[in-house]
Amino acid sequence: MWARAVWLGLRAPLGGRRGFTSKADPQGSGRVTADVIEHLERLALVDFGSREAVARLEKAIAFADRLHAVHTDGVEPMESVLEDRCLYLRSDNVVEGNCAEELLQNSHRVVEEYFVAPPGNISLPKLDEQEPFPHS
Amino acid sequence: MAAPVLRWGCSGTCSALAWVYGVSRRRRGAPTGSTSNWIRGQSSLAQQPLHTARKPRKGEHEWAAVVGLEIHAQISSNSKLFSGSQVCFAAPPNSLVSFFDASLPGTLPVLNRRCVEAAVMTGLALNCHINKKSLFDRKHYFYADLPAGYQITQQRLPIAVNGSLTYGICVGKTRRQVTARTVRVKQIQLEQDSGKSLHDDLRSQTLVDLNRAGIGLLELVLEPDLSCGEEAATAVRELQLILQALGTSQANMAEGQLRVDANVSVHHPGEPLGVRTEVKNLNSIRFLAKAIDYEIQRQIKELEDGGEILNETRSFDYKLGCTVPMRDKEGKQDYRFMPEPNLPPLLLYDATSLPAGADSQQVINIDQIRERLPELPSVTRERLVQQYGMLPEHSFTLLNEVGLLEFFQNVIKETRAEPKKVTSWVLNTFLGYLKQQNLAVRESPVTASALAELLDLLDSKAISSSAAKQVFEELWKNEGKTPSQIVSEKKLELMQDQEALEQLCHSVMQGHPQVVMDVKKGNPRAINKLIGLVRKATLSRADPAVIKATLEKQLSCHGSCPPA
C-alpha cells in the first residue's frame with residue numbers, strides 16, 4: 001500500500017517546475033538532498049511538487065532498505081525471475097509491419113505519415129532559477 | 001578556418017605527426033599480436049623510440065593525442081532485432097514499424113537468431129572471447145525517436161569482449177611500406193537502433209520516422225589505442241572490409257549502416273590523460289580523419305592558450321571542416337541501467353557444451369559458426385601475395401578499392417599473361433585512369449575481358465608495350481572496339497618481318513656514320529640513339545629489344561655482311 005502511495009506521489013503533473021530545498025526544511029530527514037531530487041526530476045520527468053512527495057520517497061527508500069536484513073553472503077545475485085528460462089530465438093523472417101495508418105492514429109499530430117514531436121528535448125530550468133517552494 | 005598554431009600535416013604520413021605528438025603508447029605497453037611497428041613513422045630513424053631520438057627541451061610542448069572509437073554497425077538481416085518488421089533502407093515513413101517498434105503497451109521483445117549469429121561471427125573475426133552467457137539491459141533516456149524511453153542493449157555482460165583489430169598503415173617518406181598496427185576491441189554488444197528524427201526548425205518541430213527503430217546494431221567499442229585521424233580512418237576501413245566479407249553488415253557509412261563516434265583527448269606524454277570530447281556526425285571515412293585531426297588541433301591550441309577542454313559532445317561541420325558544440329546535451333547523462341526484465345540470459349554453446357537432442361533452431365554453436373567463417377581480408381591479402389607474387393601494399397590497394405579485386409581476378413582468369421604483368425596493369429594503368437576521372441571500378445569503360453585481350457596481345461608480342469598503352473587509351477574512349485580492332489586500325493602491330501627490319505637498320509646506320517663510330521668506340525649510350533632512330537623509322541612498330549639485337553648483329557659484322 002505504501003508502494004502505491006509513493007507511486008501516486010511520483011505521478012505529479014509536469015506543470016510547475018518547482019524544486020524543493022530540503023536543506024532549509026527542519027523536518028526533512030536530510031537523506032534525500034535537493035540535488036538528488038533535482039537529478040531525479042530531470043531523469044524521470046516527475047515533479048516532486050510537495051514536501052509530502054519527498055517524505056513518501058524517503059519512506060519508500062527506508063522500506064526497501066529492509067532488504068539488507070537478508071543474509072546474502074555467498075549467494076549469486078539473481079538477474080531476473082526469468083533467468084533459468086530458455087531465450088527463444090526467432091528465425092529471421094519478415095512477419096510484421098506495414099501498418100503505418102493504424103500507428104499514426106495514435107499520434108495527436110501527424111505530418112505526411114511522420115509523427116510530430118517538439119524540437120529536441122526541452123531543457124529544464126536549473127534549481128536556482130526555480131521559485132522556492134512554499135512550505136505547506 | 002582559423003590558421004592553425006601548430007603546423008602538422010596528417011595528409012602526409014604519420015611520421016610528420018610523430019614529432020609533435022610524441023609516443024603516447026609507451027605508457028600503455030605494447031599492443032598484442034603481430035608485427036606492430038608502434039614506434040611510428042620516421043622511417044629514416046626507423047627503430048628509435050621518439051623520446052630518445054629527440055630530447056624535449058625545457059618548456060617545449062610535446063603533445064600526445066588519444067583517440068577512442070565507438071562504432072555502430074547495422075546488422076544485415078531481413079527483420080529487426082526484437083521484432084519481425086522488415087529492415088530496408090528507403091521505404092515510406094513508418095511503414096516498416098511493428099507494434100513493438102512503436103512501443104505500444106503489451107508488446108514484448110523476441111530475439112532474432114540471425115542477429116546473434118552476426119554478433120558471434122564478428123566477435124570471432126576480431127579475435128574476441130565470446131561470452132557463453134550474455135545479458136540484456138535497458139538504457140533509459142528521453143528522445144522523440146526512442147518511443148519506449150529506453151534502448152535494449154548489453155551493458156553489463158556483452159556478447160563478445162577483449163578482441164583486436166589489425167590494420168595496415170602506410171609509412172615511410174614514399175608511403176609505400178605497409179606496417180601492421182593493432183587496436184584492441186573492448187567489447188561487442190547487441191543493441192537496438194533508434195528511429196530517425198527530421199528537424200524542422202522553420203516550424204519548430206521534429207518529424208519522427210520509426211522505420212529504423214529496432215534494427216539490430218553491433219556496437220564495437222575500441223580501446224583508445226589510436227592517435228591520429230589517419231590511424232582511425234584506416235582502422236575503420238579495415239573493419240568495414242571485415243564486416244563486408246563476413247556479410248554481417250554492409251557497413252556503408254553514407255547510408256548510415258556504419259556510424260562512428262570518436263572520443264578525442266590530448267595530453268603531454270607521461271602525464272595523465274586529458275579531458276576528452278566526443279565527436280559525432282561523421283558520415284564518411286574522410287570526414288572521420290578530418291574531424292579527429294581538427295579536434296586534436298583545437299584542443300592543443302586551446303590548452304596552449306591557457307584555456308581548458310570541456311567534456312562535451314561536438315558535431316563535425318563538414319562544410320566548415322571544424323567541430324562545433326552540439327546543442328541539446330545537458331552535462332552528464334544518467335542512463336539508469338537496469339536488467340531487461342523480459343529477456344532471459346542469452347546462452348551460447350560450443351561443440352563440447354551442446355546439449356544432446358537440442359533443437360538446432362534454438363541453439364547457437366560457436367564452433368560451427370567459426371568453421372563457416374568466410375575468408376577475412378587479411379587472409380585474402382596473404383593469399384594474393386603468395387599466389388601472385390605481388391607486394392603487400394599491392395594487396396592492400398586491391399582490397400581497398402571497391403570492385404577492384406573482382407576485376408583483377410576476372411582479368412587473371414581470361415588472360416595468359418603473367419600475374420605480375422596483370423597486377424602492374426591493373427594497379428598502375430587501370431587504376432590511374434579511374435582515379436584521374438574519379439570513377440568507380442563499376443563505372444569503368446574498359447571491361448576485364450577487354451584488358452585480358454589486350455594483355456594477351458602484349459604477351460604474344462603482337463604489339464609493343466607502348467603500343468599497348470595507346471590501345472588502352474583508345475579502349476577508354478569506349479567506342480565499342482575490341483583491342484584487336486584498334487590494333488589493326490591504327491596499324492600498331494609489331495613488325496614481324498625480320499628482313500625489312502634488317503634493311504632499316506642498315507640504312508639508318510649508313511645515314512648516321514658518326515653515331516656508328518660512337519658505338520664502336522664503346523659509348524654505351526650511342527646504341528640507344530641508334531635504336532631510337534630505327535624505332536622512328538619503323539613508326540614504333542618494332543620491339544626495341546629486337547632492334548637492339550639486329551643492330552648489334554650488324555655492327556659486329558662491321559658492315560661487311562650486306563643484308564640479303
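You'll find chain A entered in an unreviewed UniProt entry as Glutamyl-tRNA(Gln) amidotransferase subunit C, mitochondrial, with Microcebus murinus given as the organism. Per UniProt, chain A carries the Catalytic activity (unreviewed entry) text "L-glutamyl-tRNA(Gln) + L-glutamine + ATP + H2O = L-glutaminyl-tRNA(Gln) + L-glutamate + ADP + phosphate + H(+)". You can read under Subcellular location (unreviewed entry) in the UniProt record for chain A the words "Mitochondrion".

1. A closer look at the overall build of chain A
Broken down by element type, chain A carries four helices and three strands. Helices and strands appear in chain A in the N-to-C order α-α-α-β-α-β-β. When burial is assessed residue by residue, chain A has 31% of its 136 residues classed as buried. By sequence separation, contacts in chain A at least 24 residues apart represent 65% of the contacts at least 6 residues apart.

2. Here's the deal with the interface of chain B and chain A
Tallying the contact residues gives 53 residues for chain B and 41 residues for chain A. Summed over both sides, the interface of chain B with chain A buries roughly 4100 Å², with 57% coming from carbon and sulfur. Broken down residue by residue, the surface that chain B buries against chain A is led by Phe-142, Pro-344 and Gln-362 of chain B, which jointly contribute 14%. In this structure, the connection of chain B to chain A is made through zero salt bridges. Where chain B touches chain A, the interface holds 19 residue pairs in polar contact (both at pLDDT 80 or more). When contributions to the side of chain B that touches chain A are tallied by element, the ones reaching two or more residues are strand 2 (111-112), helix 3 (113-125) and strand 10 (205-209) of chain B. Here the side of chain B that touches chain A gets five residues from one element, more than from any other, and that element is strand 10 of chain B. Here the side of chain B that touches chain A is built from residues that sort into 26 nonpolar, 17 polar and 10 charged. In this sheet, strand 2 of chain B lies alongside strand 1 (residues 89-90) of chain A in parallel orientation, the contact comprising two bridges.

3. Some thoughts on the pairing of strand 3 (residues 114-117) of chain A
Here strand 3 of chain A shows a buried face lined by Tyr-114 and Val-116 of chain A and a second buried face lined by Phe-115 and Ala-117 of chain A. By the bridge criterion, two bridges tie strand 2 (residues 110-111) of chain A to strand 3 of chain A in an arrangement that is antiparallel. Pairing of Val-111 of chain A across the sheet is with Tyr-114 of chain A, part of strand 3 of chain A. Hairpin connection of strand 2 of chain A to strand 3 of chain A: two residues between the antiparallel strands, including Glu-112 of chain A at a positive phi of 50°. Note that strand 3 of chain A and strand 10 of chain B share three bridges and pair antiparallel. Bridge pairing links Ala-117 of chain A to Thr-206 of chain B in strand 10 of chain B.

4. What to know about the nonpolar core
In this structure, Leu-69, Val-116 and Leu-190 of chain B are the most contacted members of the largest nonpolar core, which totals 74 residues. Filtering out sequence-adjacent residues up to four positions away, Val-116 of chain B remains in contact with Leu-89 of chain A together with Leu-111, Ile-159, Leu-190, Leu-346, Leu-348 and Ile-364 of chain B. Listed in part, the 41 residues of the second largest apolar core include Val-422, Tyr-433, Ala-467 and Ala-468 of chain B.

5. Remarks on the packing of helix 16 (residues 524-537) of chain B against helix 17 (residues 544-556) of chain B
Residues and elements named next belong to chain B. Taken N-terminus to C-terminus, the directions of helix 16 and helix 17 make an angle of 115°; their axes are 10 Å apart at the nearest point. The two elements helix 16 and helix 17 cross, and the hand of that crossing is right-handed. Contact with helix 16, carried on its side by Ile-527, Leu-530, Ile-531, Val-534 and Arg-535, involves Pro-544, Ile-547, Lys-548, Leu-551, Glu-552 and Leu-555 of helix 17 and no other residues of that element. Residues belonging to the contact of helix 16 with helix 17 are distributed by class as follows: eight nonpolar, no polar and three charged.

6. Some thoughts on the pairing of strand 15 (residues 322-325) of chain B
Residues and elements named next belong to chain B. Taken together, the four bridges between strand 14 (residues 313-317) and strand 15 define a ladder with antiparallel strand orientation. Paired with Asp-317 across the strands is Cys-322, a residue of strand 15. Taking the residues between adjacent antiparallel strands as the criterion, strand 14 and strand 15 are bridged by four residues, where Gly-321 takes a positive phi near 70°.

7. A closer look at the pattern of salt bridges
Residue and element names in this part refer to chain B. With the rule as written, the count across this model stands at 23 salt bridges over all chains. Across the pair Arg-138 and Glu-340 runs a salt bridge, and its minimum N-O distance is 2.8 Å. Linking Arg-138 in strand 5 (residues 137-140) with Glu-340 in the loop between strand 16 (338-339) and strand 17 (346-347), this pair joins segments that are 202 residues apart in sequence. Here Arg-138 and Glu-340 have matching classes, each one buried. Several salt bridges converge on common partners, so that one network encompasses Glu-295, Arg-298, Glu-312 and Arg-314.

8. Topic: the sheet that holds strand 3 (residues 129-130) of chain B
Residues and elements named next belong to chain B. Read across the open sheet, the nine strands follow the order 3-7-8-11-1-12-13-14-15; overall the sheet is mixed. The open sheet terminates on both sides in strands that have one partner only, identified here as strand 3 and strand 15. As paired strands, strand 1 (residues 64-74) and strand 12 (residues 258-267) are joined by 10 bridges and run antiparallel to one another. Bridge pairing in strand 12 links Leu-69 to Ala-262.

9. Brief notes about the sheet that holds strand 3 of chain A
Strand-to-strand pairing in sheets goes through backbone hydrogen bonds, with the strands running parallel or antiparallel. Ordered in space as 2(A)-3(A)-10(B)-9(B), the four strands form an open sheet in which the pairing is antiparallel. Each end of this open sheet is capped by a strand with a single partner; those strands are strand 2 of chain A together with strand 9 (196-200) of chain B.

10. Details of unusual backbone geometry
Residues and elements named next belong to chain B. Positioned with a positive phi, Asn-127 is a non-glycine residue whose angle comes to about 60°. In this model, Ala-251 sits at a positive phi of 50°, which is unusual for a non-glycine residue. Along the chain, Ala-251 falls in the loop between helix 4 (229-246) and strand 12. For Ala-251, a relative accessible area of 0% puts it in the buried group.

11. Let's talk about a negative patch on the surface
All names here are of chain A. Taken together, the side chains of Glu-101, Glu-102, Glu-112 and Glu-113 define an acidic patch exposed on the protein surface. Position of Glu-113 among the secondary structure elements: in the loop between strand 2 and strand 3. In this structure Glu-113 comes out as partly exposed when scored by relative accessible area, which is 39%.

Rules behind the numbers
Residues numbered from 1 in each chain as written. Chains lettered and ligands numbered in written order. Predicted model: local features only at pLDDT ≥ 70, side-chain atom pairs only at ≥ 80, totals over all residues. Heavy atoms only, no water. UniProt positions renumbered as here; feature names shortened; annotations may be inferred. Helix = DSSP H or I, 4+ residues; strand = E, 2+ residues; numbered from the N terminus. Buried < 20%, exposed > 50% of the residue type's maximum accessible area, 1.4 Å probe, protein only. Contact = heavy atoms within 4.5 Å. Buried area = accessible area lost by both parts, 1.4 Å probe. Salt bridge = Lys/Arg side-chain N within 4 Å of Asp/Glu carboxyl O. Polar contact = N/O pair within 3.5 Å; in protein donor to acceptor, adjacent residues only side chain to side chain. Nonpolar A, V, L, I, M, F, W, Y, C, P; charged D, E, K, R; others polar. Pairing = 2+ DSSP bridges. Core = buried A, V, L, I, M, F, W, Y, C linked by side-chain atoms within 4.5 Å. Axes fitted to C-alpha atoms, helices over the stretch in contact; angles between N-to-C directions. Left-handed = near helix turned anticlockwise from the far one by under 90°. Patch = residues over 30% accessible without salt bridge, like charges linked within 9 Å, V, L, I, M, F, W, Y side chains within 5 Å. Areas by Shrake-Rupley, 256 points an atom, 1.4 Å probe, with all protein chains shown as cover. Lys, Arg positive; Asp, Glu negative; His and termini not counted. Charge placed at Lys NZ, Arg CZ, Asp CG, Glu CD.

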